[in-house]
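# Remarks on the overall topology
Here are the chains, one letter per residue:
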Amino acid sequence: MTHTPAASPTSFKQHHPLIERARAVAALAVKNDSLDRDGAFPHAEVVELRKLGLLHAPFSAACGGCDLASPPSDPMLLFDVLSVIGQGSLPLGRLYEGHVNAVKLVRLYGSAANVALLQAEADAGRLTGVWMAEDAVSLSLAGDAAAPVLIGRKILASGAGHIQRPLVAAKTAGENQLMLPHVPDMGRVDVSAWTATGMKATATGSVDFTGISVTPDAIVGRPGDYMRSPYFRGGAWRVMAVQFGGLRALLESYRSQLVESGRDGDRVQRARFGDAAASVETARLWVSEACRRAEDEDGDPAAIDAYVDLMRGAFERAALTLVERAEKSLGLKAFMHPNPVERIVRDLTTYLRQPALDASLESAGAFFFHQGTEGP
């Protein structure tokens, strides 16, 4: 049994060629059962992303794109594209969002030479991504300024072994410097520790950068750019847009299974499903508003960060409400492989464990506490 993108209480209103292309990729991912295996990677789907122009979409028209993640593009178009892909496959959505994020940040802070490096990757049919997680030892630059060399590694790097030009940050003179090192050597990658029950097809692992030289055209922007507001914390809305697609897939599979079992006429089931649909709509309202605020070039960065932080907590509660209602309504079949509900719930609950949610809520609470009656 597979979940098929279909009309629901939260269906998209927009009709746009990029959304239709995203639907085609999502439909391919839905049929690919191999994406739920340890060590899997969505090869065919990435080929389709390139074929349909979605790898290039975040670039400018001069680079073969359409400014999907940058002005003057409507940010809600990106919301819909990410959500549609996430509805087909949360692991694929995770990888594509990382690609979009990397291109957006390089276009924001970097040079034409930096953008050209990523355009070459897209031309070759490869994703890029943002790899920032570290263990106790930070990635750092060593050697002289003319020929710096990296020392250390990144962990929880999605697309490890498949992405050759990631956006990373390395310590230099006490600051984090963004860069795009070339990592073609599979021997540097270890995905053996990624034993999560969900998000298996993200090829998440650790990557050893020690000894990799960094050329001048791979240095991106100024030290400290990565953490600048509102593009660091504020950009989290894109992750939730992908996850919202997962909510839509879960709601639709939950609904269709009730209909197939003839339980759609049961009043208790209808009430429970209504509560689930309301939770998904709550999530949509939060993420779409966060998208609107975060992509407003005239917005106050501190207010944007605080609203997106607040949205993350509200989204998690809505998502877990949906999971609880679906599992309670469907019973044991919701826990049986290959029921699509079982797979989506594993992917979704794994993906929801984004870092520092409590810290984000505390920060948002502090901000809005001082807003008085104005509120969010």
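Below or above, wherever it landed, is the structure these notes cover. Sequence order sets the numbering: in each chain, residues are counted from 1 along the sequence as written. In keeping with the model being predicted, local features are shown solely for residues with a pLDDT of at least 70 and side-chain atom pairs are shown and tallied solely at 80 or more, while totals for entire chains, interfaces and linings include all residues. Calculation of side-chain values draws on the structure's entire complement of heavy atoms; hydrogens and water are dropped beforehand.

The next thing to look at is the overall build of the chain. Helical segments are the DSSP runs of H or I of at least four residues, strand segments are the runs of E of at least two, and each set is numbered from the N terminus. Helices and strands together make up the secondary structure of the chain, namely 10 helices and 9 strands. Relative to the globule expectation of 21 Å for 376 residues, the C-alpha radius of gyration of the chain, 21 Å, shows essentially globular dimensions. Each principal axis of the C-alpha distribution contributes one length, and for the chain these read about 70 × 50 × 40 Å. Taking all 376 residues of the chain together, the buried fraction comes to 52%. A radius of gyration in this sense is built from C-alpha atoms; the matching globule rule multiplies 2.2 Å by the number of residues raised to 0.38. Only protein chains enter the area calculation, which uses a 1.4 Å probe; residues under 20% of their type maximum are buried, those over 50% are exposed, and those in between are partly exposed.

At least two DSSP bridges between two strands are required for those strands to pair. Pairing of strand 5 (residues 167–172) with strand 6 (residues 175–179) involves 5 bridges; the strand directions are antiparallel. Note that in strand 6 the partner of Ala170 across the bridge is Gln177. Between the end of strand 5 and the start of strand 6, which pair antiparallel, lie 2 residues, with Ala173 showing a positive phi angle near 55 degrees. Bridge analysis of strand 6 against strand 9 (residues 219–220) gives 2 bridges, and the strand direction is antiparallel. Of the residues in strand 9, the one forming a bridge with Met179 is Ile219.

Between Pro71 and the following residue, Pro72, the backbone shows a cis peptide bond with an omega angle of 10 degrees. You can see Pro72 is positioned in the loop between helix 2 (43–51) and helix 3 (75–88). Between Ser229 and Pro230 the backbone carries a cis peptide bond, its omega angle lying at 0 degrees. When you line up the elements, Pro230 lands in the loop between strand 9 and helix 6 (237–260). One non-glycine residue with positive phi stands out, namely Leu156, at about 50 degrees. We note that Ala203 has phi near 50 degrees; this positive angle belongs to a residue other than glycine. Relative to the helices and strands, Ala203 resides in the loop between strand 7 (189–190) and strand 8 (205–208). Of the residues examined, Ala203 reaches a relative accessible area of 8% and is grouped as buried.

This paragraph deals with the side chain of Gln257. Within the secondary structure, Gln257 is located in helix 6. A polar side-chain atom of Gln257 sits 2.9 Å from a polar atom in the side chain of Asn339. N or O atoms closer than or at 3.5 Å make up a polar contact, with two conditions inside protein: a donor-capable atom paired with an acceptor-capable one, and, for residues adjacent in sequence, both atoms drawn from side chains.

Inter-axis angles, ranging from 0 to 180 degrees, are taken between N-to-C directions of lines fitted to C-alpha atoms, where helices are fitted over the stretch in contact. It is the contact of helix 4 (residues 90–109) with helix 5 (residues 112–123), at a shortest axis distance of 8 Å, that shows an interaxial angle of 160 degrees. With respect to their mutual orientation, helix 4 and helix 5 come out roughly antiparallel. For helix 4 against helix 5, the interelement crossing comes out left-handed. When helix 4 is examined against helix 5, the residues Ala102, Val103, Val106 and Arg107 are found in contact with a partner set consisting of Asn114, Val115 and Leu118. Oblique is the label for every angle not falling under 35 degrees (roughly parallel), over 145 degrees (roughly antiparallel), or within 65 to 115 degrees (roughly perpendicular). Two helices cross in a left-handed way if the nearer one is turned anticlockwise from the farther one by less than a right angle. They cross in a right-handed way if the turn is clockwise. Residue contacts are defined here by distance: any two heavy atoms, one from each residue, within 4.5 Å place the two residues in contact.

Moving on: the pairing of strand 8. Bridge count for strand 4 (residues 153–157) against strand 8 is 3 bridges, and the pairing is antiparallel. By the bridge assignment, Lys154 is partnered in strand 8 with Val207.

Here we come to helix 4. Helical geometry note: an α-helix holds 3.6 residues per turn, so side chains three or four residues apart project in the same direction. An ideal rise of 1.5 Å per residue puts 28 Å on 20 residues; helix 4 measures up with 28 Å between its terminal C-alpha atoms. With 17 of its 20 residues buried, helix 4 lies for the most part within the structure. Taking the backbone nitrogen of Leu92 as reference, a side-chain oxygen 3.1 Å away marks Ser89 as the first, capping residue of helix 4. Every helix has an expected span of 1.5 Å times one less than the residues it contains.

So, about the state of the cysteines. Here a disulfide denotes a covalent bond joining the sulfur atom of one cysteine to the sulfur atom of another. In this description, a disulfide is simply a cysteine sulfur pair whose atoms lie within 2.5 Å. Here the structure, examined in full by the defined rule, presents 0 disulfides. Here Cys66 stays free of any disulfide, with the sulfur of Cys63 as its closest cysteine sulfur at 12 Å. The class of Cys66 is partly exposed, set by a relative accessible area of 35%. Cys291 takes part in no disulfide bond, and the closest cysteine sulfur to it belongs to Cys66, at a distance of 15 Å.

What follows deals with the sheet that holds strand 4. Strand pairing in a sheet relies on backbone hydrogen bonds. The paired strands run either parallel or antiparallel. Strands sit in the order 4-8-7 across an open sheet of 3 strands; the sheet is antiparallel. Here the strands that pair on one side only, and so sit at the sheet edges, are strand 4 and strand 7.

By the secondary structure assignment, Asp38 is in the loop between helix 1 (17–30) and helix 2. In this structure the C-alpha to C-alpha distance between Asp38 and Lys200, which are 162 residues apart in sequence, comes to 5.3 Å.

A separate point is the packing of aromatic side chains. Any two rings among Phe, Tyr and Trp, with Trp reduced to its six-membered ring, count as a pair given centres within 6.5 Å; such a pair is stacked if its planes are under 30 degrees apart, edge-to-face if over 60, and tilted if neither. Applying the stated criterion across every chain, the model contains 6 aromatic pairs. Note on Trp131 and Phe209: the rings are 6.4 Å apart at their centroids and 70 degrees apart in plane angle, and the pair reads as edge-to-face. Remark: Phe209 occurs in the loop between strand 8 and strand 9 and Trp131 occurs in strand 1 (residues 130–131); sequence separation between them is 78 residues. Across this residue pair, the class does not change: Trp131 and Phe209 are buried. Ring centres of Tyr254 and Phe273 lie 5.2 Å apart, and the angle between their planes is 70 degrees; on these two criteria the pair is classed as edge-to-face. Of this pair, Tyr254 sits in helix 6 while Phe273 sits in helix 7 (residues 267–294); the two residues are 19 residues apart in sequence, bridging distant segments of the chain. On the basis of relative accessible area, Tyr254 is assigned to the buried category, the value being 0%. When the ring centre of Tyr307 is taken as reference, the NZ or CZ atom of Arg293 above it lies at 3.9 Å. We call a charge positioned over a ring when the NZ of a Lys or the CZ of an Arg lies within 6 Å of the ring centre and within 35 degrees of the ring normal.

Interpretation note: all reported values are geometric properties and have no functional meaning in isolation.
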